[in-house]
Each structure stands twice: as structure tokens, then as C-alpha cells.
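Spelled out from the first residue to the last, the chains are:
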Amino acid sequence: MMNEIDPAELSIEAVDLWMNQWLLLTSGSSDDYNMMTVAWGSVGYMWEKPFAQVVVRPQRHTRGFMDRSETFTLCAFPEKYRADLNIMGTISGSDGDKLGHTDFTIKPSKIVAPPSYNEANLILECQTIYRQDMDPDGFIDQKIHDIYEAKDYHRIYFGEILAAFHEK
């Protein structure tokens, strides 16, 4: 059962969440949305708001949804859904219904337009408050340039966490 948490009281193991669990980013409307697995990002507090920050490369189908939409969801899942998250990170929504290749089922979000998922054990409903393309001139660690051989720098999105739900 999911319990609603005040976003200001959200407590998670952030590095483990991003590095080992991954998240499913969904953006769009309730009937026109796309999702992708994300493994890079952060959760914290900035501009007097609890936030989630995600990055999306220009070639990802989800990026257009992120740019057209004001809201997004981030969902984490139990380990048994790892293969489904891998599918969501490798199949493009522009090629068809990738949700149909998984065991995930959507449900309406409480506050934001894009859906969340019945199987999730953590749901963050977010409103975009800032976005900007990464500037490679800002990379101090030169090894970061190696990650962008194609010069396909991520766009960074900060979303205020409007609602949070966690399975206990």
C-alpha cells in the first residue's frame, strides 16, 4: 500500500536510488505520454523547494514530451521489475507501445497530468521549474567529455516535488 509523504519530509538513499535502482521518468498528458528509464539525477532541496532533477539526451523521444509538458513523474520499483526497466530504457516510444512489452500498468497520478504505475514503490509527482542544456565548457573533470563522444549533451530538468508516495 502506498502512503503519501509530505515532500519536505521525504527521506531516501539518493545515491542508491539512482545508481542501483533506476527510475522511470514519464512526461506528457494522461492520454499522450512517453516514458524512459533514467539512472542519472538527484533529489534534494533548492530554491526553497524539494526537487527531483533528471537529464535527457536530445535523441530521446521523451525529451519532446518533457519540453512540451509542465509536469513529470519519477517512479522506482522493486528489483523484480529490473528487466522491465531495462526495456523502458532501450526501446523507443517512437517505435510503438513499449509499455506493452512490460508488466507495468499505469494509474492516474494524484496531482500531475502524466501517469504513474501500480507496481511502483516510490512515486514522485513533479512540476518542471527549470531546464537548461548542459554546457560542456563547464566540465571541470575532463573525463566527462568522454561520455559525450557524439556531443549529445543532456538537457537538465529540475522539478518541484508536488506529491510523494512510498510503499511501506
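For the structure, see preceding data.
Everything numeric in this text was worked out from a predicted model, so none of it was measured.

How each quantity is defined
- Residues numbered from 1 in each chain as written.
- Predicted model: local features only at pLDDT ≥ 70, side-chain atom pairs only at ≥ 80, totals over all residues.
- Heavy atoms only, no water.
- Patch = residues over 30% accessible without salt bridge, like charges linked within 9 Å, V, L, I, M, F, W, Y side chains within 5 Å.
- Areas by Shrake-Rupley, 256 points an atom, 1.4 Å probe, with all protein chains shown as cover.
- Salt bridge = Lys/Arg side-chain N within 4 Å of Asp/Glu carboxyl O.
- Helix = DSSP H or I, 4+ residues; strand = E, 2+ residues; numbered from the N terminus.
- Buried < 20%, exposed > 50% of the residue type's maximum accessible area, 1.4 Å probe, protein only.
- Pairing = 2+ DSSP bridges.
- Arc of directions from axis to C-beta.
- Contact = heavy atoms within 4.5 Å.
- Disulfide = S-S within 2.5 Å.

Undergrad: What is the right way to read a nonpolar patch on the surface from this model?
TA: On the surface, a nonpolar cluster with roughly 350 Å² of combined accessible area is contributed by M46, W47, I129 and Y130. Assignment of secondary structure puts W47 in the loop between β4 (41-46) and β5 (49-56).

Undergrad: Which parts of the structure should I look at to understand the pairing of strand β10 (residues 155-167)?
TA: Note on strand geometry: in a regular strand, side chains alternate between the two faces of the sheet. With 10 of its 13 residues buried, β10 lies for the most part within the structure. Here strand β1 (residues 2-5) runs beside β10; their pairing, made up of 4 bridges, is antiparallel. Residue pairing across strands places M2 opposite E167, the latter belonging to β10. In terms of strand pairing, β5 meets β10 through 6 bridges, oriented antiparallel.

Undergrad: Help me understand helix α2 (residues 61-68), please; the structure alone is not making it clear to me.
TA: Along an α-helix, residues three or four positions apart point the same way, because every turn accommodates 3.6 residues. Those residues of α2 not exposed but buried are T62, R63, F65 and M66. Mapping the buried residues of α2 onto a view down its axis gives an arc of 160°, with all of them on the same face. Buried residues along α2 sit in contact with β2 (23-28), β3 (33-38), β5, β6 (71-76), β9 (122-133) and β10.

Undergrad: It is not clear to me how the state of the cysteines should be interpreted in this structure. Could you clarify?
TA: Any covalent bond linking the sulfur atoms of two cysteines counts as a disulfide. What the rule picks out here adds up to 0 disulfides. The thiol of C75 is unpaired, and the distance to the nearest cysteine sulfur, on C126, comes to 9.6 Å. Residue C126 is classed as buried on the basis of its relative accessible area of 0%.

Undergrad: What's the story with the pairing of β5 in this structure? I'm lost.
TA: Across the 8 residues that make up β5, a large majority, 7, are buried. Both β4 and β5 contribute to a ladder of 6 bridges, which runs antiparallel. From the neighbouring strand, G44 faces β5, where its bridge partner is F51.

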